[in-house]
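One letter stands for each residue in the lines below.
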Amino acid sequence: MATYGVYGFGLRSDFPFANHLAPWSGAPDLTFACRTDPPVAVDWGARIPVYRSTRQTEEGESAFLAYRLDDGDVLRLTGIADFYVGDDRITCHLLEPGREFMVEIALLGTVLSYWMERRGIPALHASGVVVEGRALGFVSTNKGGKSGLAADFMKAGYPLLTDDILPLQEDGGTFWARPGYPTMRMWPTEAEYFLGRWEDLEIVYPGLEKRRVPVGEGEFGTLCDAPRPLTCLYLPERRDPEDGVGVEILPLSSAASVMALVRHSFISRLVEAMGWQKRRLACFARLLTHIPVRRLRYPSGFEHLGRTRDAMLADLEGLRSVDRSG
Amino acid sequence: MTTLKTKVRVPDDVLFQTLPGESVILHQGTGKYYGLDEVGTRMWVLVTRYGSLAPAFRDLLQEYDVTEERLRRDLLLWVDELASHGLLETQDEAS
């Protein structure tokens, strides 16, 4: 058994993680185990799922379902694994041996996002970096540019906070951005640009070209492994460089900001099905009284990332000036 | 037909959140979001608080510099618009 730091929590497990995870020195917050038999007997025929994904398996079943049990919830990847989620324990019942890689992807993504949302910690689909001790986040969907922006900051010496999921925790009027874990995912072209290599990097899972990039320990960049106060959220929007548009950072109305945060929640539909959206809306409304959300328009292409970063750093300096004068 | 005697309620899958100077409505069934400006926010608050249009109309008439005729028309159109998006359910008083 080892304990790892994941999203700023201690995760105790004997699971053979393929991702590079950092050791955790404190007491574990959560234990994860994977087994080939169910941890409790459940009469599934008598259970109605709280949530069914519209995405279906080849057999026409919902690919993802969620159930509420008396002492926890079950997240089902149909035909692959059931995750029994409790307050301090997650147990995976692996239904299809050989699909452990799916267990890891689901655990570090949907399942832990769910576990955090269950605790009232919204998990945004975002990357994050640390500038002068404070976190900024790039909120977008897959292929939206968030990893590239984070990697560019890392290349310039700024620590990564998280690559794909940005958990936000409100504490005493401050919004804290929680760290992810020290692995990024990059497409081969991104890895080639930022690391100068890609072929020797492990693939994220069979059939996907995306590669795992270890962070820190002589690999790429460094990881900030502790929560940092959030300072700004950017919504990246890549433009065709032929448009001749430079880097634009535009303010958003409160309503547009809230809508964007809800839309870019990592497990948005599941959160709605579980009835947690109302408290999240209220949380985002409070967040917007402290944290600006900006639309970031920038030209597509690695060669434009440097000036995009410079524009954001200037924007952050402006925010700090307002803080100092206010 | 919507009149000032119409009763309204917010469907269970519709969420409302106030923000500084505006508000958002989230329809969880469709996944769509709607923004309300300051006046729209006040109309929503009153209409949903009373659950009927007549007392909301009365309050709005006191709060805004607007004629009865104009307010009646705008309020009824506004309720119809929100109802058409599934954000409010309306019921005639007689039914």
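Everything discussed here concerns the structure shown above.
Since the model is a prediction, treat every value here as computed from it, not as a measurement. (Residues numbered from 1 in each chain as written. Chains lettered and ligands numbered in written order. Predicted model: local features only at pLDDT ≥ 70, side-chain atom pairs only at ≥ 80, totals over all residues. Heavy atoms only, no water.)

Caption draft 1: A look at the sheet that holds strand β2 (residues 14-19) of chain B. A sheet is described by the order of its strands in space; here 3 strands give the open sequence β2-β3-β4 (chain B), paired in antiparallel fashion. Looking at the sheet topology across the chains shown, the edges are occupied by β2 and β4 (32-36) of chain B. Across this sheet, the average inter-strand angle for adjacent strands is 20°, counted without regard to direction. Taken together, the 6 bridges between β2(B) and strand β3 (residues 22-27) of chain B define a ladder with antiparallel strand orientation. Its bridge partner lying in β3(B), L19(B) is registered against E22(B). Helix α4 (residues 254-263) of chain A contacts β2, β3 and β4 of chain B of the sheet and is inclined by roughly 30° relative to β3(B). (Pairing = 2+ DSSP bridges. Helix = DSSP H or I, 4+ residues; strand = E, 2+ residues; numbered from the N terminus. Axes fitted to C-alpha atoms, helices over the stretch in contact; angles between N-to-C directions. Contact = heavy atoms within 4.5 Å.)

Caption draft 2: Representation of the pairing of strand β6 (residues 64-69) of chain A within the structure. Residues and elements named next belong to chain A. Counted residue by residue, β6 has 5 buried out of 6 residues, so it is predominantly covered. As paired elements, β6 and strand β7 (residues 72-77) share 6 bridges and run antiparallel to each other. Across the sheet, the residue bridging to L65 is R76, located in β7. Taken together, β6 and the strand that follows it, β7, pair antiparallel across an intervening segment of 2 residues. (Buried < 20%, exposed > 50% of the residue type's maximum accessible area, 1.4 Å probe, protein only.)

Caption draft 3: Local environment of the side chain of S265(A). All names here are of chain A. Within the element layout of this structure, S265 appears in the loop between α4 and α5 (268-273). On the accessibility criterion, S265 (6% relative accessible area) is buried. Non-local contacts of S265, meaning those with residues more than four positions away in its chain, are made with A123, L124, H125, R280 and F284.

Caption draft 4: Region of the structure containing the nonpolar core. Counting 41 residues, the largest nonpolar core has F32(A), F83(A) and I90(A) as its most contacted members. Per element, the largest residue contribution to this core is 10 residues, and it comes from helix α1 (residues 100-118) of chain A. Excluding its chain neighbours within four sequence positions, the residues that come into contact with I90(A) are L30(A), T31(A), F32(A), A33(A), F83(A), Y84(A), V85(A), L107(A), V111(A), L112(A) and W115(A). Residues V258(A), A285(A), L288(A) and L26(B) belong to the second largest nonpolar core, which totals 34 residues. (Core = buried A, V, L, I, M, F, W, Y, C linked by side-chain atoms within 4.5 Å.)

Caption draft 5: Fine view of the packing of helix α2 (residues 53-63) of chain B against helix α3 (residues 68-84) of chain B. All names here are of chain B. α3 packs onto α2 with a crossing angle of 130° between their chain directions and a minimal axis gap of 11 Å. By the angle between their directions, the pair α2 and α3 is classed as oblique. Handedness of the α2/α3 crossing: right-handed. Counting all contacts with α2, which are made through L53, F57, L60 and L61, the residues of α3 involved are E68, L71, R72, L75, L76 and V79. Class assignment for the residues of the contact of α2 with α3 results in 8 nonpolar, no polar and 2 charged. (Parallel < 35°, antiparallel > 145°, perpendicular 65-115°, else oblique. Left-handed = near helix turned anticlockwise from the far one by under 90°. Nonpolar A, V, L, I, M, F, W, Y, C, P; charged D, E, K, R; others polar.)

Caption draft 6: Geometry of the environment of L21(A). Residues and elements named next belong to chain A. Here L21 shows up in the loop between β2 (9-13) and β3 (22-23). By relative accessible area, L21 is classed as buried at 9%. Sequence separation between L21 and I249 is 228 residues; the distance between their C-alpha atoms is 34 Å. Aside from chain neighbours lying at most four places away, what touches L21 is Y4, V6, Y181 and P182.

Caption draft 7: Up close: the pattern of salt bridges. Residues and elements named next belong to chain A. Scanning the model with the defined rule gives 26 salt bridges over all chains in all. The closest approach of N and O atoms between R76 and D82, which form a salt bridge, is 2.8 Å. The exposure classification of R76 matches that of D82, with both residues buried. Across the salt bridge formed by D310 and R309, the nearest N and O atoms sit 4.0 Å from each other. Owing to a relative accessible area of 17%, R309 belongs among the buried residues under this scheme. Bridged by salt links that share partners, the residues E237, E248, R295 and R297 form one connected network. (Salt bridge = Lys/Arg side-chain N within 4 Å of Asp/Glu carboxyl O.)

Caption draft 8: Just the interface of chain A and chain B, in detail. Counting residues at the interface gives 16 residues for chain A and 15 residues for chain B. In this assembly, chain A packs against chain B so that about 1300 Å² is buried in total across both faces, 67% of it on carbon and sulfur atoms. Summed over the three residues of chain A that lose the most area to chain B, namely M259(A), E272(A) and L281(A), the buried surface amounts to 36% of that side. If you look at where chain A meets chain B, you find 0 salt bridges. Put simply, chain A and chain B have 3 residue pairs in polar contact (both at pLDDT 80 or more) between them. (Buried area = accessible area lost by both parts, 1.4 Å probe. Polar contact = N/O pair within 3.5 Å; in protein donor to acceptor, adjacent residues only side chain to side chain.)

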